[in-house]
Amino acid sequence: MDIDPVIVLARFFYYGATSVLFGSSLFSLYAAGIGQADTRFWLPRDAAATLATMALLSALIWLAAFTISIGNLDGFIATLQTILFGSSLGTAWILRLFFLALLFLAVLSQHPLLVATAAFAVLFSEGWSGHGASAGWLGPTLHAVHAVCAAAWVGGLVALARVIAAARTGTMERRVAEAILGRFSRIGLVVVLLLATTGSAMAWLIIGGMPQLSTGYGRLLLLKVALFAAMAGLAAINRLFLVPKVASHHSGGALNAMSATILLEQLAGAAVLFDVAVLGLIDPHAR
Ligand code: HEM
């Protein structure tokens, strides 16, 4: 089966932009009552508006390229109408575009809780468009929880790097940084466990067993699990060895090390999202 690179890139930017908006807006909740109350720190207006535009535009490009891939340019409007109003994918697409429009408005409001809620709705609605969508209520629910957890972790890594940078430059007290990092890593443990559980259950539902190297889907899924393990390893180093040192007199070294581990985690996270951008498009059983 030919994979359309336009659709892959559009899905990658869609997942990336939505994840960063969701993960960053959650940090204003992690910081609640600790410090850094200025919400613009977590969601600088221009960056947030650019991400919201990127999420909406890449979803529209994905839909247009998908429409062209199954129809042709002459019948573009007719094919689009069939997808939106005459196919099982229609509801998921209409919900996705509706929640993306809400996300754009939420970003303009500059209120992190509204942004987090709208981004949550976009991600949760993903449950009804993956390979698991046809597996009763369980498939979509697992997928929805999975997509939300994925965004909380991968998207949160951008705000995490901003906390480290602010603590290094002194624009944020190290005691405040340590408290915020502590909250993120405690929530992070739950997120990682939920990701592994929902991911394994979805894999079982979709391919009926362990991923096989003999299929393209199996190879991509195994690569994804390897990247996930690497990210979890880096997160464990942060949580067990580096975060505890952030407010101590060894903080300089710990902050430098964390800048490096977080950058590696971000790169692995981007690779997982690219993997996912392809994984959701290929036939799970094709050799
Ligand atoms: C950092 C870790 C992870 C991230 C960021 C992530 C992200 C995602 C996203 C965004 C989707 C939705 C894709 C779509 O709708 O097409 C997805 C689907 C999926 N993920 Fe993950 N995931 C992670 C870890 C895992 C793990 C550890 C497993 C397996 C144990 C897993 C198995 C799956 C499966 C089977 C799907 C369904 C794909 C399909 O529709 O065919 N994921 N993942």
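In what follows, the structure referred to is the one given above.
One structure accompanies this document, and this report is about it. It should be emphasised that the depicted structure is a prediction, and the values quoted were computed from it without experimental measurement. (Residues numbered from 1 in each chain as written. Predicted model: local features only at pLDDT ≥ 70, side-chain atom pairs only at ≥ 80, totals over all residues. Heavy atoms only, no water.)

Here we look at the overall build of the protein
Here comes step 1: Each helix and strand counted, the protein has 10 helices and zero strands in total.
Here comes step 2: Ordered by position in the sequence, the α and β elements of the protein form the string α-α-α-α-α-α-α-α-α-α.
Here comes step 3: Since a compact globule built from 287 residues should have a radius of gyration of about 19 Å, the 20 Å found for the protein is in line with a globular shape.
Here comes step 4: Taken over the C-alpha atoms alone, the protein extends approximately 65 × 45 × 30 Å along its principal axes.
Here comes step 5: Here the protein holds 287 residues, and the buried ones make up 46% of them.
Here comes step 6: The long-range fraction of contacts in the protein, counting pairs at least 24 apart against all pairs at least 6 apart in sequence, stands at 74%.
Here comes step 7: Here the protein has roughly 13,400 Å² of accessible surface; of this, 71% comes from carbon and sulfur atoms. (Helix = DSSP H or I, 4+ residues; strand = E, 2+ residues; numbered from the N terminus. Rg over C-alpha atoms; globule rule 2.2 N^0.38 Å. Buried < 20%, exposed > 50% of the residue type's maximum accessible area, 1.4 Å probe, protein only. Contact = heavy atoms within 4.5 Å. Areas by Shrake-Rupley, 256 points an atom, 1.4 Å probe, with all protein chains shown as cover.)

Overview of the packing of aromatic side chains
Here comes step 1: Under the definition given, this model contains 13 aromatic pairs.
Here comes step 2: Between Phe98 and Phe99, the aromatic rings sit 5.5 Å apart at their centres with planes inclined by 55 degrees, giving tilted as the arrangement.
Here comes step 3: Taken together, the ring pairs in this structure connect Tyr14, Tyr15, Trp62 and Trp93 into an aromatic cluster.
Here comes step 4: The cationic tip of Arg96 hangs over the ring face of Trp93; the distance from NZ or CZ to the ring centre is 4.3 Å. (Phe/Tyr/Trp six-rings, centres within 6.5 Å; stacked < 30°, edge-to-face > 60°. Lys NZ or Arg CZ within 6 Å of the ring centre and 35° of its normal.)

Overview of the site of the ligand
Here comes step 1: Contacts to the ligand come from 26 residues, most closely from Tyr15, His131, His146, Tyr217 and Lys224.
Here comes step 2: The side chain of Tyr15 places a nitrogen or oxygen atom 2.7 Å from an oxygen atom of the ligand.
Here comes step 3: Only α1 (5-30), α7 (138-169), α8 (174-207), α9 (216-242) and α10 (251-279) provide two or more residues apiece to the shell around the ligand.
Here comes step 4: For the shell around the ligand, the per-class residue count stands at 16 nonpolar, seven polar and three charged. (Near = heavy atom within 4 Å. Polar contact = N/O pair within 3.5 Å; in protein donor to acceptor, adjacent residues only side chain to side chain. Nonpolar A, V, L, I, M, F, W, Y, C, P; charged D, E, K, R; others polar.)

Things to note about the coordination of the iron atom of the ligand
Here comes step 1: For the iron atom of the ligand, the protein coordination sphere consists of His146 (NE2) and Lys224 (NZ), at 1.8 to 2.0 Å.
Here comes step 2: For the iron atom of the ligand, the six donor atoms in the first shell make angles of 80 to 178 degrees at the metal, a pattern classed as octahedral. With His146 in helix α7 and Lys224 in helix α9, this pair connects stretches of sequence that are 78 residues apart. No difference in accessibility class separates His146 from Lys224, as the two residues are buried. (Donors = N, O, S within 2.8 Å, 3.2 Å for Na, K, Ca; no water. Tetrahedral: all angles 85-135°; square planar, octahedral: opposite > 155°, others 65-115°.)

As for the side chain of Asp275
Here comes step 1: Tracing the backbone through its elements, the reader meets Asp275 in helix α10.
Here comes step 2: For Asp275, the residues in contact, after removing those within four places along its chain, are Leu220, Leu223 and Lys224.

Considering helix α3 (residues 45-70)
Here comes step 1: Over its 26 residues, α3 runs 38 Å from end to end, which matches the ideal 38 Å to within 8%, given 1.5 Å per residue.
Here comes step 2: The complete set of buried residues in α3 reads Ala48, Leu51, Ala52, Ala55, Ser58, Ala59, Trp62, Leu63, Ala65 and Thr67.
Here comes step 3: Close packing links the buried residues of α3 with α1, α4 (76-86) and α5 (90-109). (Expected span 1.5 Å × (residues − 1).)

Side note on the pattern of salt bridges
Here comes step 1: The tally for this structure, following the rule as stated, stands at two salt bridges.
Here comes step 2: As a salt-bridge pair, Glu173 and Arg175 come within 3.1 Å of each other at their nearest N and O atoms. (Salt bridge = Lys/Arg side-chain N within 4 Å of Asp/Glu carboxyl O.)

With respect to α8
Here comes step 1: Taking 1.5 Å per residue as the helical rise, α8 with its 34 residues ought to reach 50 Å, and the 47 Å between its terminal C-alpha atoms agrees with that figure.
Here comes step 2: Immediately beyond the C-terminal end of α8, within one or two residues, lies Gly208, with a positive phi of roughly 70 degrees.

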